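Inside the fold
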Amino acid sequence: MRFNFFGSKPNRERTLDVDPFTDILLDLQIASVEVHPGSNYQVIITDYEDYPISAEVHKQKLVVTEQNQRGFGFNAGIIKLKIEIIVPQDATLSKITGTNVNGSLKLVDLTCGQVDLKGKNGSSKLANVHITQALNLEAANGSITLDHAMLTQFNTRLQNGSLNITDCQMTIRATLQNGSVHLDGNKFLGQNIIDLTNGSVKLQETSNNVSYHISTVVGLIIYHGSKVGKHFATDNDDNNTLALRTVNGNIKIN
C-alpha cells in the first residue's frame, strides 16, 4: 500500500523542453536535484499533482519552485520529489543559486561561474565540475562530497556532517561545528583554512607542495605515523598553505 499525504494521485514524471538558460534559481523544500549535460535544455520532474514543481525560464534564468511548500521536512519513502536539469554538452552556466532546505544536490560534468546554495538537511555532491568563480555551500546537517573538481574558491559552513574532497584543485575556507573531514590527493592553491570544532581530520598528502599549519586543543596530531604534539608546521611552500585547526579531535596526515 502506498500512502500519499498530498492526495490519492500517484507521483508523476514530466519532461519539459525549455528555452536556453545560463542561470538556475532553486526555491525548494524537499526535492532532490541533479544537474548534468545532455543533448538539449530540458527539465525532468517527478512530483505529485497535489504537490507540483514548476520550472520556467525568464530572461535566460531557469526558476525551479515547489508550489505547495507546507514545511514538511522529509523526503523519504512516502514522498519522492526529483528534479533533473539537463544542459547541452558545450553549455557553460553562469550561476546556480537559491535554497534546497531538506533535499539533495548533485552536479556532474559541468562548467559554471558561481554556485551559491543554502540548505538545512541534505547532501551535496559535485563530480567532474569546473567552478570558475566560487562555490559557496551552507547547511545545518549533511554531507559535502567533491570529486575531481576544479574550484577557484570553495567556501562552506556546515554545522553537523562530513566534508570529503578527493582529487580536486581549489582554494578552500571551511568551517565545521561537528563532523569529519577527509582530504585525499588534492591540490591546494593560495591560503587555505579548515576549522573544525568537534571531530577528526584525515589528510592524504597533497598533489602539490603545501606548507602545513596544524593545531588542536584536545586531540592528537599524527604526521606519517608519528605523534607531533598539539602544534605542527612545515615550510614547503610560502605561496600555498593549508591550515587545519580542531578544538576537540585528531588530525592525521599520511
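Let me begin by describing the structure that accompanies this report. Keep in mind it's a predicted model, so treat the numbers as computed, not measured.

Overview of the overall build of the chain
The helix and strand inventory of the chain stands at zero helices and 24 strands. Taking 18 Å as the expected radius of gyration for a compact globule of 254 residues, we find that the chain reaches 20 Å, a close match to that expectation. C-alpha atoms of the chain, sized along the principal axes, occupy 60 × 40 × 25 Å. Each of the 254 residues in the chain was classed as buried or not, and the buried ones make up 44%. Sequence-distant contacts, at least 24 apart, represent 46% of the contacts inside the chain between residues at least 6 apart. In the form shown here, the chain has an accessible surface area of approximately 11,800 Å², with 47% of it arising from carbon and sulfur atoms. In the chain, 22 positive and 24 negative side-chain charges are present, and the distance between their average locations comes to 8 Å.

Description of the pattern of salt bridges
Inspection of the entire model under this criterion finds three salt bridges. Between Asp 47 and Arg 12 there is a salt bridge, with its nearest N and O atoms 2.7 Å apart. Highlighted residues: Asp 47 in strand β4 (residues 42-47) and Arg 12 in strand β1 (residues 12-17), separated in sequence by 35 residues. By relative accessible area, which is 27% here, Arg 12 ends up partly exposed. In this structure, Asp 195 engages Arg 245 in a salt bridge whose closest nitrogen and oxygen atoms are separated by 2.6 Å.

Details of the packing of aromatic side chains
Applying the stated criterion to the full structure yields two aromatic pairs. Ring centres of Phe 21 and Tyr 41 lie 5.0 Å apart, and the angle between their planes is 65 degrees; this geometry places the pair in the edge-to-face category. Separated by 20 residues along the polypeptide, Phe 21 in the loop between β1 and β2 (23-28) and Tyr 41 in the loop between β3 (32-38) and β4 bring together distant segments of the chain. Taking the relative accessible area as the measure of exposure, Phe 21 reaches 2% and is therefore buried. For the pair Tyr 223 and Phe 232, a centre-to-centre distance of 4.6 Å together with 40 degrees between the ring planes defines the contact as tilted.

As for the side chain of Ser 54
Looking at the secondary structure, you find Ser 54 in strand β5 (residues 53-58). Excluding anything up to four places from it in sequence, Ser 54 contacts Val 63, Val 64, Thr 65 and Gln 67.

Thoughts on a nonpolar patch on the surface
Together, Val 217, Val 218 and Val 247 make up a nonpolar patch on the protein surface, roughly 250 Å² of accessible area in all. Along the chain, Val 247 falls in strand β23 (residues 241-248). A residue is classified by how much of its surface remains accessible, and Val 247, at 36% relative accessible area, is partly exposed.

Cut-offs used in this document
Residues numbered from 1 in each chain as written. Predicted model: local features only at pLDDT ≥ 70, side-chain atom pairs only at ≥ 80, totals over all residues. Heavy atoms only, no water. Helix = DSSP H or I, 4+ residues; strand = E, 2+ residues; numbered from the N terminus. Rg over C-alpha atoms; globule rule 2.2 N^0.38 Å. Buried < 20%, exposed > 50% of the residue type's maximum accessible area, 1.4 Å probe, protein only. Contact = heavy atoms within 4.5 Å. Areas by Shrake-Rupley, 256 points an atom, 1.4 Å probe, with all protein chains shown as cover. Lys, Arg positive; Asp, Glu negative; His and termini not counted. Charge placed at Lys NZ, Arg CZ, Asp CG, Glu CD. Salt bridge = Lys/Arg side-chain N within 4 Å of Asp/Glu carboxyl O. Phe/Tyr/Trp six-rings, centres within 6.5 Å; stacked < 30°, edge-to-face > 60°. Patch = residues over 30% accessible without salt bridge, like charges linked within 9 Å, V, L, I, M, F, W, Y side chains within 5 Å.

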